[in-house]
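# Results of the structural survey
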Amino acid sequence: MKENLSVSPWNSSPAPVVFSDFDGTISLVDVADAILEQFADPSWRKVEEEWVRGSIGSEECLRRQMALVKTTAKQLNALIDAVPLDPDFSTFYRFVQMQRLPFYIVSDSFDYVIRRALKRAGADGELRNGKHLFSSALRLVRGELHLSFPHSKINCPHGCATCKAAIIQRVRGERCPVVFVGDGLSDRFAVEEADMIFAKEELLDYCHEKGLDCVPFQTFRDVQAGVAKLLGLEMSACDVALNVAAQGV
Ligand SMILES: [Mg+2]
Ligand SMILES: [Zn+2]
């Protein structure tokens, strides 16, 4: 599968499908961790250790951790609204739309958090109405968090809250190349399904450890440059087109 994609651009069909993690990737901090740090009993860290060791899956991890959270809608919204987002994500999202590349968010984290943050980033449509967003679900009822995991059970041998690997297999179809963008250990099964990996932080270390080819990135501008190259596009031409689109010309 990984046949020198960095040298031969994907300027022929089929076009790639792009998948991205949310926490720590589109948001610059892990929002689930921030919720736990601010509102949970400190014993959440013990549960986290079990997950990092691989002795529990992310669904059990989140169920046990979020049961330790006490908060209000006002506090939760304030936390989400203060989370810094990748400054280049909005432009990247316009880029994939202009190039008609299917783009999906796959996340263990929560629909409520992601939708609220995306609204701030100006990303609307399929991402926010849920068609292209696969995540865990969170509802806040009288200060209690109610979780559900609508994408946990399909072909998942890992105990994932959201099985990114199974979703990629299902969405990609027969021959579409897959681009994956991520930052952490919750992406460790997803990258096995990708033809091109953009990685930072812990995911970058993980890819190096496992000998997986990946492109290091800092912001979505780097991802955009990498995808543009794959498509055989000049980044400067993309910038001009995006600026025109942004001005509504
Ligand atoms: Mg992440
Ligand atoms: Zn899984």
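Residues numbered from 1 in each chain as written. Chains lettered and ligands numbered in written order. Predicted model: local features only at pLDDT ≥ 70, side-chain atom pairs only at ≥ 80, totals over all residues. Heavy atoms only, no water.

### Some thoughts on the nonpolar core
- Counting 52 residues, the largest nonpolar core has I35, M66, F89, F92, F103 and I105 as its most contacted members.
- Looking at which element gives the most residues to this core, the answer is helix α1 (residues 31-39), with six residues.
- Among the nonpolar cores identified, the runner-up in size contains 24 residues, and V47, I168, V178 and L204 belong to it. (Core = buried A, V, L, I, M, F, W, Y, C linked by side-chain atoms within 4.5 Å. Buried < 20%, exposed > 50% of the residue type's maximum accessible area, 1.4 Å probe, protein only. Helix = DSSP H or I, 4+ residues; strand = E, 2+ residues; numbered from the N terminus.)

### Some details on the coordination of the zinc ion (ligand 2)
- Within the first shell, the zinc ion (ligand 2) binds the protein through C156 (SG), H158 (ND1), C160 (SG) and C163 (SG), at distances of 2.1 to 2.4 Å.
- Classification of the site at the zinc ion (ligand 2) rests on its four donor atoms, whose angles at the metal span 102 to 122 degrees, yielding the label tetrahedral.
- Between consecutive donor residues of the zinc ion (ligand 2), the sequence gaps follow C-x1-H-x1-C-x2-C. (Donors = N, O, S within 2.8 Å, 3.2 Å for Na, K, Ca; no water. Tetrahedral: all angles 85-135°; square planar, octahedral: opposite > 155°, others 65-115°.)

### Looking at the confidence of the model for the chain
- Taken over all residues, the pLDDT of the chain has a mean of 89, while the share at 70 or more is 89%.
- The least confident element of the chain, judged by mean pLDDT, is helix α11 (residues 235-246) at 61; the most confident is strand β7 (residues 215-216) at 98.
- The model gives residues 1-9 a pLDDT under 50, and that stretch makes 14 contacts with residues more than four places away or in other chains. (pLDDT = per-residue confidence, 0-100. Contact = heavy atoms within 4.5 Å.)

### So, a negative patch on the surface
- Negative charge collects at one region of the surface, where E201, E202, D205 and E209 lie side by side.
- Residue E209 is classed as exposed on the basis of its relative accessible area of 65%. (Patch = residues over 30% accessible without salt bridge, like charges linked within 9 Å, V, L, I, M, F, W, Y side chains within 5 Å. Areas by Shrake-Rupley, 256 points an atom, 1.4 Å probe, with all protein chains shown as cover. Salt bridge = Lys/Arg side-chain N within 4 Å of Asp/Glu carboxyl O. Lys, Arg positive; Asp, Glu negative; His and termini not counted. Charge placed at Lys NZ, Arg CZ, Asp CG, Glu CD.)

### Some thoughts on the packing of aromatic side chains
- Under the definition given, this model contains 10 aromatic pairs.
- Ring centres 6.0 Å apart and planes at 45 degrees place the aromatic pair F89 and F103 in the tilted group. In this pair, F89 sits in helix α5 (residues 89-98) while F103 sits in strand β2 (residues 103-110), placing the two residues 14 residues apart along the sequence. Exposure class is identical for F89 and F103. Each is buried.
- Relative to F103, the ring of F92 lies with its centre 5.8 Å away and its plane at 75 degrees, an arrangement referred to as edge-to-face. Of this pair, F92 sits in helix α5 while F103 sits in strand β2, and the two are 11 residues apart along the sequence.
- Through a chain of ring-to-ring contacts, three or more aromatic side chains come together here, namely F89, F92, Y93, F95, F103, F217 and F220.
- The cationic tip of R188 hangs over the ring face of W51; the distance from NZ or CZ to the ring centre is 5.2 Å. (Phe/Tyr/Trp six-rings, centres within 6.5 Å; stacked < 30°, edge-to-face > 60°. Lys NZ or Arg CZ within 6 Å of the ring centre and 35° of its normal.)

### Overview of the packing of helix α2 (residues 44-53) against helix α3 (residues 58-66)
- At their nearest, the axes of α2 and α3 sit 9 Å apart, and the two run at 180 degrees to each other. Between α2 and α3, the interaxial angle falls into the category roughly antiparallel. Contact with α2, carried on its side by W44, V47, E48, E50 and W51, involves S58, C61, R64 and Q65 of α3 and no other residues of that element.
- Tallied by class, the residues present in the contact of α2 with α3 amount to four nonpolar, two polar and three charged. (Axes fitted to C-alpha atoms, helices over the stretch in contact; angles between N-to-C directions. Parallel < 35°, antiparallel > 145°, perpendicular 65-115°, else oblique. Nonpolar A, V, L, I, M, F, W, Y, C, P; charged D, E, K, R; others polar.)

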